[in-house]
Amino acid sequence: MSESSRLDCVVVGYNETPFDEYESTLRRYGEDSEAYRDLKFSFVEVGESKLTYADLLNRVYRESLGPATPHRDFLSGDIPSLAAVYLTSFLRRRGFQACYINLFQYEKEQLARLLARNPRCIALTTTLYVLNEPVIEMVKFIRQHNPDVRIIVGGPLIANHFRRHQGDELATVLDELGADLYVVEGQGELTLSRIVERLRDGGELSEIPNLVYVDDRGPVRAGRYRITPRVEENNPLDENIIDWNALGDAPLGPTLQTRTARSCAYSCSFCAYPMRAGNLTLGGLEAVGRELDAMAAQGARNVVFIDDTFNVPLKRFKELCRLMIERRYGFNWFSYFRCSNADEEAVELAARSGCRGVFLGIESGSPRILTNMNKAASVEKYIHGMKWLHDHGILTFASFIIGFPGETDETVEETIEFIQRTRPDYYRAQLWYCEPGTPIDAKRQQYGISGQGFSWRHATMESLEAMDHIDRMFLTIENSTWLPQWSFDFWIIPYLLGRGMGLDQFNTLMRLVHRLLALQIAYVPPEEKRSLQEGYLRQMREHVRQWGAAAPSVR
């Protein structure tokens, strides 16, 4: 292979740890531990099997349609990884030969073929990782298939390590990961392109800022790692929109993700993201329109906007909706949405422009807890906003955090009453995760916080007590259906719509799975549990048989 045709970079998207491995790991902490009890809301026990929602759906489809009918498994994340697609587009725009792998666990053979072509480097994104294991697994796989290729890792996982560790401690963490180069920058795409350029054309890596890399040749810090100076990147959004038409050399599918802004306009005390990402930066309407044009040209039927605060500022959001109305894209779209930053006109425009569903980070129905969270929102604004969304036929998913510092039995009850009153179509309540580096972590003494992760206590509640409240919420809340976090978050809905499933079909299935899950959260005598479980599964299979005959694309 000539140097001119050699692949410069392969970007690898998400590596989701196989569920049985993850479940086994958390079970070692004990089935009564907070972490395992939190996980129990993401799987259903059928016989001896522990099935995620996606696994259960695939099993029901196979049993319903029979072995003679082909069924392509539903997979969480089976749409182009935004981080991988963005980095690939960024590199191609600068003249590099780059491609991407979307889902590591399901595309290992394709990655092995690319490694056999001896690319100059492999770039691993870490947008959704909180542990090292997914990266370690990929690095080992890459080394086995090509021991010489340079491995680059960047993203939030690396930024968190760099913020928390230094010296020999940092070197130990990086040695565990096993890569060659690490990008330490909130954005990082420019640093990646500079690395690729040096690997292609030659030159000193030490001249590239925001880089940590293995270097045995000169003075180093953190063991055998050289750390170059930090220089903040500012990559203009308008100049770096994803070139979807240039990525059309591989099927993109009917559901695509994008962003129109970077960072978040708010500073919630449980979240460290704005501190990593910097000030809110907005893409211009003209550039956003060009990208949406390209997505529509590539056949997108569902678009997910991952902006943390898509409807902020409100004036710009209305202009975006009007743009989509005027251009008549015809696709459905989904996004995060802040009810506290909306009026009825905005919701009406969203519905007219194709909005089918929104993710609402409500977090609490208690004014006191919203203040502690620095949510810059009120319960009254949430109530008005959710009413407008329901009135205009926009599906709602509301996310809640239970156990945040200041939480009491009374504030939990306020959240339950809020959910019962506003009736989101779907909801989830999660145990507060005590994360180092978040704004609330700096107030440990004020709130009497001890512990971290899922195991903690503070002046008004402790973690096991909060888990008991979540169990009670799940078993008593009516008129809203639970959606889990593992492999089946709210963004599964546009993916399944792209596979041919209708919202009414999805709603029916989710209500039945909700009942199945309730059988393992509440105590039900074994014989009664088996009988009820088989009845719910039978109803699911019957629905799937009817839908499979009417909509073969769902298969």
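Residues numbered from 1 in each chain as written. Predicted model: local features only at pLDDT ≥ 70, side-chain atom pairs only at ≥ 80, totals over all residues. Heavy atoms only, no water.

Draft legend 1. Just the state of the cysteines, in detail. Going through the model one piece at a time under the given rule, you end up with zero disulfides. Left unpaired, Cys-99 is separated from the closest cysteine sulfur, that of Cys-9, by 8.2 Å. Between Cys-264, a free cysteine, and Cys-268, which holds the nearest cysteine sulfur, the sulfur-to-sulfur gap is 6.2 Å. Residue classification places Cys-264 among the buried positions, given a relative accessible area of 15%. (Disulfide = S-S within 2.5 Å. Buried < 20%, exposed > 50% of the residue type's maximum accessible area, 1.4 Å probe, protein only.)

Draft legend 2. Spatial organisation of the packing of aromatic side chains. Scanning the entire structure with this criterion turns up 37 aromatic pairs. Summarising the aromatic geometry, the rings of Phe-474 and Trp-482 are spaced 5.4 Å apart at their centres and angled 85 degrees between planes, so their arrangement reads as edge-to-face. Judged by relative accessible area, Trp-482 falls into the buried class, the value being 1%. Linked through ring pairs, Phe-334, Tyr-336, Phe-359, Phe-397, Phe-490 and Trp-491 together constitute an aromatic cluster. Above the plane of the ring of Phe-90 lies Arg-94, whose end atom (NZ or CZ) is 3.5 Å from the centre. (Phe/Tyr/Trp six-rings, centres within 6.5 Å; stacked < 30°, edge-to-face > 60°. Lys NZ or Arg CZ within 6 Å of the ring centre and 35° of its normal.)

Draft legend 3. The pattern of salt bridges, seen in detail. Evaluation of the coordinates by the stated rule reveals 29 salt bridges. For the salt bridge of Glu-63 with Arg-59, the shortest nitrogen-to-oxygen distance reads 3.2 Å. Within this pair, Glu-63 and its partner Arg-59 are both found in helix α3 (residues 53-65), separated by four residues, close to a single helical turn. Residue Glu-63 is classed as partly exposed on the basis of its relative accessible area of 39%. In this structure, Asp-391 and Lys-387 form a salt bridge, with 2.8 Å as the shortest nitrogen-oxygen distance. (Salt bridge = Lys/Arg side-chain N within 4 Å of Asp/Glu carboxyl O. Helix = DSSP H or I, 4+ residues; strand = E, 2+ residues; numbered from the N terminus.)

Draft legend 4. Main features of the confidence of the model for the protein chain. Predicted confidence across the protein chain gives a mean pLDDT of 92, with 96% of residues reaching 70 or more. Confidence over residues 218-222 falls short of pLDDT 50; this stretch has eleven contacts with residues more than four positions distant or in other chains. (pLDDT = per-residue confidence, 0-100. Contact = heavy atoms within 4.5 Å.)

Draft legend 5. Region of the structure containing the side chain of Asn-132. Residue placement: Asn-132 occurs in the loop between β5 (121-124) and α6 (133-145). One polar contact links Asn-132 to His-161, side chain to side chain, over a distance of 2.7 Å. Residues in contact with Asn-132, not counting those within four places in the same chain, are Leu-157, His-161, Val-173, Glu-176 and Leu-177. (Polar contact = N/O pair within 3.5 Å; in protein donor to acceptor, adjacent residues only side chain to side chain.)

Draft legend 6. Focus on the pairing of strand β1 (residues 9-14). Among the six residues of β1, five are classified as buried, and the element is accordingly described as predominantly covered. As defined by bridge partners, β1 adjoins β5 across four bridges and the pair is classed as parallel. Bridge assignment links Val-11 to a residue of β5, and that residue is Ala-123. (Pairing = 2+ DSSP bridges.)

Draft legend 7. How the structure looks around the sheet that holds strand β20 (residues 461-462). The antiparallel open sheet is built from three strands, whose spatial order is β18-β19-β20. The open sheet has two free edges, formed respectively by β18 (450-452) and β20, since each of these has just one partner strand. As paired strands, strand β19 (residues 455-458) and β20 are joined by two bridges and run antiparallel to one another. Looking at β20, one finds that Arg-457 is bridged to Glu-462.

Draft legend 8. Highlighting the environment of Gly-437. Residue placement: Gly-437 occurs in the loop between β17 (426-431) and α17 (444-447). Judged by its relative accessible area of 29%, Gly-437 falls in the partly exposed class. Linking Gly-437 and Ala-272, residues 165 residues apart in sequence, is a C-alpha distance of 6.5 Å. Apart from residues lying up to four places away in sequence, Gly-437 is in contact with Arg-163, Ala-272 and Met-275.

Draft legend 9. Region of the structure containing the sheet that holds strand β13 (residues 302-305). Within the open sheet, the seven strands sit side by side as β10-β13-β14-β15-β16-β17-β21. Their pairing is parallel. Every interior strand has two partners, whereas the edge strands, β10 (255-258) and β21 (481-482), have only one. Strand direction decides the pairing type here: β10 and β13, joined by four bridges, are parallel. In the strand pairing of β13, Thr-255 is matched with Asn-302. The sheet strands contacting helix α18 (residues 463-476) are β16 (395-402), β17 and β21, and the helix crosses β17 at an angle near 165 degrees. (Axes fitted to C-alpha atoms, helices over the stretch in contact; angles between N-to-C directions.)

Draft legend 10. Region of interest: empty space enclosed by the protein. Across all of its chains, the model carries two cavities of 30 Å³ or more by this definition. Here the largest cavity is characterised by a volume of approximately 50 Å³. Contributing to the lining of the largest cavity are Phe-337, Arg-338, Cys-339, Ser-340, Leu-360, Gly-361, Ile-362, Lys-375, Ala-377 and Tyr-382. Sort the elements by how many residues they give to the lining of the largest cavity and strand β15 (residues 355-363) lands first, with three residues. (1 Å grid on protein atoms, 1.4 Å probe; cavity = no way out; pocket = protein on both sides within 12 Å on 5 of 7 lines; lining within 4 Å. Points joined across faces, edges and corners; volume = space filled by probe spheres on them.)

Draft legend 11. The arrangement of α3 in detail. With 13 residues, α3 extends 18 Å from end C-alpha to end C-alpha; this agrees with the ideal 18 Å at 1.5 Å per step. Among the residues making up α3, those that are buried are Tyr-53, Ala-54, Leu-56, Leu-57, Asn-58, Val-60, Tyr-61, Ser-64 and Leu-65. (Expected span 1.5 Å × (residues − 1).)

Draft legend 12. Structural detail: the nonpolar core. Within the largest apolar cluster, 141 residues are counted, with the highest numbers of intra-cluster contacts made by Leu-56, Trp-333, Phe-488, Ile-493 and Phe-506. Looking at this core element by element, the count peaks at eleven residues for helix α20 (residues 503-521). For Phe-488, the residues in contact, after removing those within four places along its chain, are Tyr-53, Ala-54, Leu-57, Ser-76, Leu-483, Leu-496, Phe-506 and Met-510. With 34 residues, the next largest nonpolar core counts Cys-99, Leu-124, Phe-141 and Leu-174 among its residues. (Core = buried A, V, L, I, M, F, W, Y, C linked by side-chain atoms within 4.5 Å.)

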